[in-house]
Amino acid sequence: MEPPFVLVLLASTTGATECLSIATKVSATLGRPIQLAHVQVGPGSIILPSQETLSEYEAEHLADREQAETEAIRALVGSWTHSSGIETSLDVFRGDEWRVMRHYRGKVSLVVLASPHTQPIGHRETLRAALLRTGHPVVMVPPGWAGGFGGRLLVGWEDVPPLRRAITAFAPFLSAAAQVDVVAVEQPEASLDLARTVIDPIAPNATYRLVAAGGRRTAAVLLDEAREGQADGLVMGAFRRGEILNWLAPGTSSRLIHDSFLPLLMSP
């Protein structure tokens, strides 16, 4: 059986360079090889939980658009492998990311992908497919991110199972980080004592603090803290209230996913 690898799911060229850059650092930290994947979607893949629809013009030209995007990704990957010297391959599938992720179930250590809302119609369910179809941890990279990765990590602390799983999944990164800041928003002092019992064995030099929301949403507070602290990664749990509830009434996870300017390290 082949060892697990880091999967880079390239929905389009938007954010692809940033994903490949961070995947290189993820691969080095985990000591795992990199595998690349891209999916050419068809009209049937557009009927997804987001309820997006194509115009008549878009449906008519979908195949041409997807083929052009695939060729652009092949060219980008070829240039990247040549300049980086990293040996890998690109799997190209037809269908949609939900079905394709079943192919990788149990084979992947971690998935790297771009922020889903920045991708073309038909490719905006990549994150849910990776998190929920396979249950693998994910690093979500906002297109345009020009910072580093893993040097200074922020943990949005809340004692919930998805966050605990994220801390376990990203323990190698927390251990290797030069700085780990643990922030609890609108929580009692005792919550930090619990956070220390979970995180100190992994990152013994982590700092802990309580932050008042001041009328802001938790997601906004965490992003403000990340910006002020010059974090290059935010560790979080995803969809702790359940995927359907978060779809109907977006919570902190959904807001962070949509608004984040820095990489998110998340686990379902």
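Check the entry above for the structure.
Everything numeric in this text was worked out from a predicted model, so none of it was measured. (Residues numbered from 1 in each chain as written. Predicted model: local features only at pLDDT ≥ 70, side-chain atom pairs only at ≥ 80, totals over all residues. Heavy atoms only, no water.)

Draft legend 1. Main features of the packing of aromatic side chains. On inspection of all chains with the given rule, the structure shows four aromatic pairs. With centroids separated by 6.1 Å and ring planes inclined at 85°, the aromatic side chains of Phe5 and Tyr104 adopt a geometry described as edge-to-face. Within this pair, whereas Phe5 is found in strand 1 (residues 5-9), its partner Tyr104 is found in the loop between helix 3 (97-103) and strand 4 (108-114), the two being separated by 99 residues in sequence. Accessibility classification places Phe5 together with Tyr104 in one group, the buried group. A ring pair is formed by Phe93 and Tyr104, whose centres lie 5.9 Å apart and whose planes are at 85°; its orientation type is edge-to-face. Within this pair, whereas Phe93 is found in strand 3 (residues 90-95), its partner Tyr104 is found in the loop between helix 3 and strand 4, the two being separated by 11 residues in sequence. (Phe/Tyr/Trp six-rings, centres within 6.5 Å; stacked < 30°, edge-to-face > 60°. Helix = DSSP H or I, 4+ residues; strand = E, 2+ residues; numbered from the N terminus. Buried < 20%, exposed > 50% of the residue type's maximum accessible area, 1.4 Å probe, protein only.)

Draft legend 2. Structural view of the sheet that holds strand 6 (residues 152-156). The 10 strands are arranged 3-2-1-4-5-10-9-6-7-8 in an open sheet whose pairing can be described as mixed. Only two strands of the sheet have a single partner each, and these edge strands are strand 3 and strand 8 (207-211). For this sheet, the mean angle separating the axes of adjacent strands, direction not counted, is 25°. Here helix 10 (residues 252-259) sits on the sheet in contact with strand 5 (138-141), strand 9 (234-237) and strand 10 (264-267), set at roughly 145° to strand 9. (Pairing = 2+ DSSP bridges. Axes fitted to C-alpha atoms, helices over the stretch in contact; angles between N-to-C directions. Contact = heavy atoms within 4.5 Å.)

Draft legend 3. Molecular detail of the pattern of salt bridges. One pass over the structure, following the stated rule, counts 10 salt bridges. For Glu66, the salt bridge identified is with Arg65, shortest N-O distance 2.7 Å. Of the charged contacts, one joins Asp159 and Arg164 as a salt bridge, the two residues approaching to 2.6 Å between their closest N and O atoms. Its relative accessible area of 38% is what places Asp159 among the partly exposed residues. In the salt-bridge network here, residues are joined through shared partners; they are Arg216, Asp224 and Arg227. (Salt bridge = Lys/Arg side-chain N within 4 Å of Asp/Glu carboxyl O.)

Structural measurements only, silent on function.
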